Amino acid sequence: MSFPVTMSNDFKVEVATTNNRGSTPEEVAQRCVNKIVGISENAPPAIRDQAREYRDAVEKTVALYMRQAIQSDRTTVYNAIKDAGQLELAEYIRKM
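The paragraphs below set out a description of the structure included in this document. As the structure is a prediction and not an experimental result, all values here were calculated from the model. (Residues numbered from 1 in each chain as written. Predicted model: local features only at pLDDT ≥ 70, side-chain atom pairs only at ≥ 80, totals over all residues. Heavy atoms only, no water.)

Moving on, we get to the pattern of salt bridges. Enumeration over the complete set of coordinates arrives at 4 salt bridges. Taking the shortest distance from any N to any O, the salt bridge between Arg21 and Glu27 comes out at 2.8 Å. Glu41 is paired through a salt bridge with Arg52; the nearest N and O atoms lie 3.1 Å apart. With Glu41 in the loop between helix 1 (25-36) and helix 2 (45-83) and Arg52 in helix 2, the pair connects residues that are 11 residues apart, well separated along the chain. Using a relative accessible area of 53% as the deciding quantity, one classes Glu41 as exposed. Overall, the relative accessible area of 29% leaves Arg52 in the partly exposed class. (Salt bridge = Lys/Arg side-chain N within 4 Å of Asp/Glu carboxyl O. Helix = DSSP H or I, 4+ residues; strand = E, 2+ residues; numbered from the N terminus. Buried < 20%, exposed > 50% of the residue type's maximum accessible area, 1.4 Å probe, protein only.)

Here is the structure:
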């Protein structure tokens, strides 16, 4: 069985780096929303402005839910470490 292969000129690779830390929820949300919401520079100005406002609102919503997911995961990790008898380490995780 063979599959046709097509190449597109739209292929892009983007790299985001940080220095001595991981990405913040806001940074990840921005990359996420830029993949989801495309805004044409050729669109009429009113539509382009509305699309930018929508993208900004979606970015804030994604970041909010990412922060909630991170907090929930830290609670899970805290409880697992505490249950393993490592209360001092668990408290360190909780305070992050």
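Let us keep going from here.
The terminal C-alpha atoms of helix 2, which comprises 39 residues, lie 57 Å apart, in line with the 57 Å expected from a rise of 1.5 Å per residue. By the burial criterion, the buried members of helix 2 are Arg48, Val58, Glu59, Ala63, Tyr78 and Ile81. Following helix 2 by one or two positions, Gly85 has its phi on the positive side, about 85°. (Expected span 1.5 Å × (residues − 1).)

Now for the side chain of Glu59. Within the secondary structure, Glu59 is located in helix 2. Although Glu59 is buried, it makes no salt bridge; Arg55 carries the closest opposite charge, 5.4 Å away. Setting aside anything within four residues of it in sequence, one finds Glu59 in contact with Glu26, Ala29, Gln30 and Val33. (Lys, Arg positive; Asp, Glu negative; His and termini not counted. Contact = heavy atoms within 4.5 Å.)

Turning our eyes to something else, we now look at the environment of Ile81. Within the secondary structure layout, Ile81 lies in helix 2. On a C-alpha basis, the gap between Ile81 and Glu91 in space is 9.1 Å, while along the polypeptide they are 10 residues apart. Once residues within four sequence positions are removed from consideration, Ile81 is found in contact with Gln86, Leu89, Ala90 and Ile93.

Bringing a nonpolar patch on the surface into the picture now. A contiguous nonpolar surface patch, about 350 Å² in accessible area, is contributed by Leu89, Tyr92 and Met96. By the secondary structure assignment, Tyr92 is in helix 3 (residues 87-95). (Patch = residues over 30% accessible without salt bridge, like charges linked within 9 Å, V, L, I, M, F, W, Y side chains within 5 Å. Areas by Shrake-Rupley, 256 points an atom, 1.4 Å probe, with all protein chains shown as cover.)

This is a description of form; function is not addressed.
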